Amino acid sequence: MFSLRDCSIPSKLTWMNMLVSGTALLLAGTGLFAYDLYSFRVGTVRDLGIQAQIIGSNSISAVLFDDSRSAETTLSALQAAPHVMSAEIYTPDGAAFAGYRRDRSESPPPPPAIPVGQAEIYRFQSGQVALVRSITFHGKPVATVYMRSDLGAMHARERDFAIIVATVFLMSLLAAMWMSSSTRQSIAEPIVCLAQTAQIVLNEKNYSVRAPANDGRNEIGLLISTFNEMLAQIQERDAALGKARDHLEQQVQERTAQLNVANADLEAFSYSVSHDLRAPLRHIAGFSRILSEEYGSKMEPEAQRHLNRILDGVKKMSGLIEDLLKLAQIGRKELVRVNTDLNSLLKDVVVDLQPECRGRQIDWQIGNLSSVECDAGLIKQVFANLISNALKYSRRREVTLIEVGQVEKDGASVIFVRDNGAGFDERYADKLFGVFQRLHRAEDFEGTGVGLSTVQRIIKKHGGEIWAKGEVNKGATFFFALAANRRGHAQTRKAATGGY
Amino acid sequence: MKVLSPTDALRCIRRCISQSRGHRRGLAAVAVAWALIGIPSVQGQHAKPSEYEVKATYLYNFSRFVEWPAQGVQTHSDSFAICVLGDNPFGPALNATVAQETISGKSVVAKEISAPQDAVNCSVLFISSSEAKRLKEILTSLGTASVLTVSDLPKFTQHGGMVEFILDGNKVRFEVNSATAERAGLTLSSELLKVAVNVRRSAQFGD
């Protein structure tokens, strides 16, 4: 269906003009037509009444002296009135006295009776008007004139009027169309131009275009200048924003470079420190051992105990240095990603850990893992760390339960390692992965506090994420996801983009 | 209300009853009552009026189409007299016709006169056929008095009369002599001339 709402403004204006002028004209035409018909009817009745009166007046003597021939002569003058169909003169006692008929074969219907107190009555019926008029002479009714006129004149007038109205209607519609083309120039075209400009701005994101200015000091001119002003403001803001972004990027690059340098320095420093510390430590360990082996028998038991303490400390420090070196190495090492079958990798880890399992009852529940693109050596370290942790913290259980598996979470594969060991307080979960941060006393569970930190670094280097869940004395579960394609997981995405 | 003389009323009743013969008696009674309260022209509705009834009506109607001079006899009189000279052929019909009628604010009266001299006080004078012999005398005595003379004497208009009744079959018609009327200072309206059978325009006397 045709809908005015979807029309363009120019055609809407045209339609509006035509509609308004058409409606006004139609209403005016109808009103005039109705008034004209009404007045014509009234005029017809009045004229007929006058004719009846004239005929009656001229026939008074004829009626009074019973001379119907004279009356008929008077009536025959009606031949000049083509619309009069018949005219009859009746005497007061109702007898027909004289008559005239335009069409002799036609017999007129009986006249309507005049109500008491009225001189005239008329009826419109079947395309004609019938009129009866009582004629008085010196205050006495002497005759009744009954006339009928067809409404041919009225119909002809109706037809003429309809033709005129239709012609004027068409002409005014054409005029409205023609005029709307001139209003289109002043109203519609600027708006159309504005809309096109807006479309260009929207499609091309080009804020440098401007709508052609309109010199009129009207709303449209204001609209266009405001629109252009807005575009200018947007352009300015865009430029400022771009400048700020460029500046920020530059700053970020500078900072990143500085940070990388600092990081590298720090890693080099910690590596060299650890490396360099090993030599004096080896000396301490070596000479302490010599001292113990060669002079142990000569020493007093007290001195021997001290020496053993030194040896313990050296051993602990050596482990710490080894761990720190590993941690530092991860930062320095480039990832070598290959497609790795995690199942066989895990099997190797479990075999390597057999010495730690000796004498323990362990329930291994190992699920099927998938193959992933990763640095196999580093991921092996992750598994070794997590499983050795699980063994360590569950060694006081009669039956140790270690579960390794893979679950799907938010479209990504998440690997978990679960134990039924000492667990931890989840309030301190964020401290689990800090360097040298420990949630258990060294007396209860030995350790350097570097292992989980190393694990986290490896995972992050892969663009993945690691987190843990647990409860004191109810075991702990470590989850990690390697794939960086965990869409919809904000944390992971952040980790993935913000990683190394 | 029109008051009928006893003879008029009786005539009416007789007429009405004779009309209603064969109809139901109730109808006749209504007609009688109607006649008694005096609806005008009740006679005309029921029967063809007699010759002299028509002539009586015409006699009265003529005065409607004639203009009398301002200084006529009638201005001094307080009534408008329609006189019958000689034997009255109208019977009560003339009285019935003029009863209660007025012309120019004067009540119309019907008078019977015998002397031509009395005619000068009349506005309309009907000369009965009984006066055929002394017609000339009568007209001479009237002179140029403003009296409309009417008669059914043959050749009346040729002998100095103004309006002459003629029978055309069973229809009463009339002819006029407008010159004679003019000489008497009377103006006959064109309406009257229009329905006259013949209009004479010579005012000569003679036989």
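The notes below deal with the structure included here. (Residues numbered from 1 in each chain as written. Chains lettered and ligands numbered in written order. Predicted model: local features only at pLDDT ≥ 70, side-chain atom pairs only at ≥ 80, totals over all residues.)

On to the pairing of strand β8 (residues 371–374) of chain A, then. Residue and element names in this part refer to chain A. Every second residue of β8 is oriented toward a common face, the buried set being V372 and C374 and the non-buried set S371 and E373. By the bridge criterion, 4 bridges tie strand β6 (residues 338–341) to β8 in an arrangement that is antiparallel. Note that in β8 the partner of N339 across the bridge is E373. (Buried ≥ 20, exposed ≤ 12 C-beta atoms within 10 Å, placed from the backbone. Helix = DSSP H or I, 4+ residues; strand = E, 2+ residues; numbered from the N terminus. Pairing = 2+ DSSP bridges.)

If you look at the biggest cluster of nonpolar residues, it comprises 76 residues, and the most contacted ones within it are I82, C83, V124, L125 and L148 of chain B. The dominant element in this core, judged by the number of residues it contributes, is strand β2 (residues 79–85) of chain B, at 6 residues. With near-sequence residues (within four places) excluded, I82 of chain B lies in contact with L59, Y60, L94, V98, V108, A110, C122, S123 and V124 of chain B. Residues V372, C374, A468 and F480 of chain A belong to the second largest nonpolar core, which totals 34 residues. (Core = buried A, V, L, I, M, F, W, Y, C linked by C-beta atoms within 7 Å. Contact = placed C-beta atoms within 7 Å.)

Here we come to the sheet that holds strand β8 (residues 171–177) of chain B. All names here are of chain B. Strand order in the open sheet made by the 8 strands is β3-β4-β2-β5-β6-β7-β8-β10, with mixed pairing throughout. Where the open sheet ends on each side, the last strands, each with one partner, are β3 (102–103) and β10 (198–200). Two elements, β2 and strand β5 (residues 124–127), share 4 bridges in a ladder whose sense is parallel. Bridged to I82 within β5 is V124.

For the rest of this paragraph, the subject is the interface of chain B and chain A. Frequently, the measure chosen for interface size is the accessible area that the parts lose on association. Of the residues lining the interface, 12 residues belong to chain B; the matching set on chain A comes to 11 residues. At the level of secondary structure, the elements contributing two or more residues to the side of chain B that touches chain A comprise α3 (42–46), α4 (51–62) and α9 (190–195) of chain B. In terms of residue count, α9 of chain B provides more of the side of chain B that touches chain A than any other element does, 4 residues in total. Classifying every residue of the side of chain B that touches chain A gives 4 nonpolar, 4 polar and 4 charged. (Nonpolar A, V, L, I, M, F, W, Y, C, P; charged D, E, K, R; others polar.)

Below, the discussion takes up the pairing of β8 of chain B. All names here are of chain B. As paired strands, strand β7 (residues 163–168) and β8 are joined by 6 bridges and run antiparallel to one another. Counterpart to V163 in the pairing with β8 is V176. Between β7 and β8, which pair antiparallel and follow one another directly, the connecting turn spans 2 residues, one of which, G169, has a positive phi of 70°. Bridge analysis of β8 against β10 gives 3 bridges, and the strand direction is parallel. Among the inter-strand pairings, N177 is bridged to a residue of β10, identified as R200.

All names here are of chain B. As for its placement among the helices and strands, V98 is situated in helix α6 (residues 93–98). Along the backbone, V98 and N61 are 37 residues apart, and their C-alpha atoms lie at a distance of 9.7 Å. Excluding residues within four positions of it along the chain, V98 makes contact with Y60, I82, V108, V109 and A110.

The subject of this paragraph is the packing of helix α1 (residues 9–58) of chain A against helix α4 (residues 152–204) of chain A. Residues and elements named next belong to chain A. Here α1 crosses α4 at 160°, and the two axes come no closer than 7 Å. Here α4 runs roughly antiparallel to α1, going by the angle between their axes. When you trace α1 past α4, the crossing you get is right-handed. Of the residues assigned to the contact of α1 with α4, the class counts are 22 nonpolar, 9 polar and 4 charged. (Axes fitted to C-alpha atoms, helices over the stretch in contact; angles between N-to-C directions. Parallel < 35°, antiparallel > 145°, perpendicular 65-115°, else oblique. Left-handed = near helix turned anticlockwise from the far one by under 90°.)

Residue and element names in this part refer to chain A. Its axis deflected by about 55° at R184, α4 carries its strongest bend there. Considered for burial, the residues of α4 that qualify are M154, A176, S180, A188 and P190. Its buried side turned inward, α4 meets α1 and α5 (219–295). Following α4 by one or two positions, K205 has its phi on the positive side, about 50°. (Bend = angle between axes of the 7 residues up to and from the residue.)

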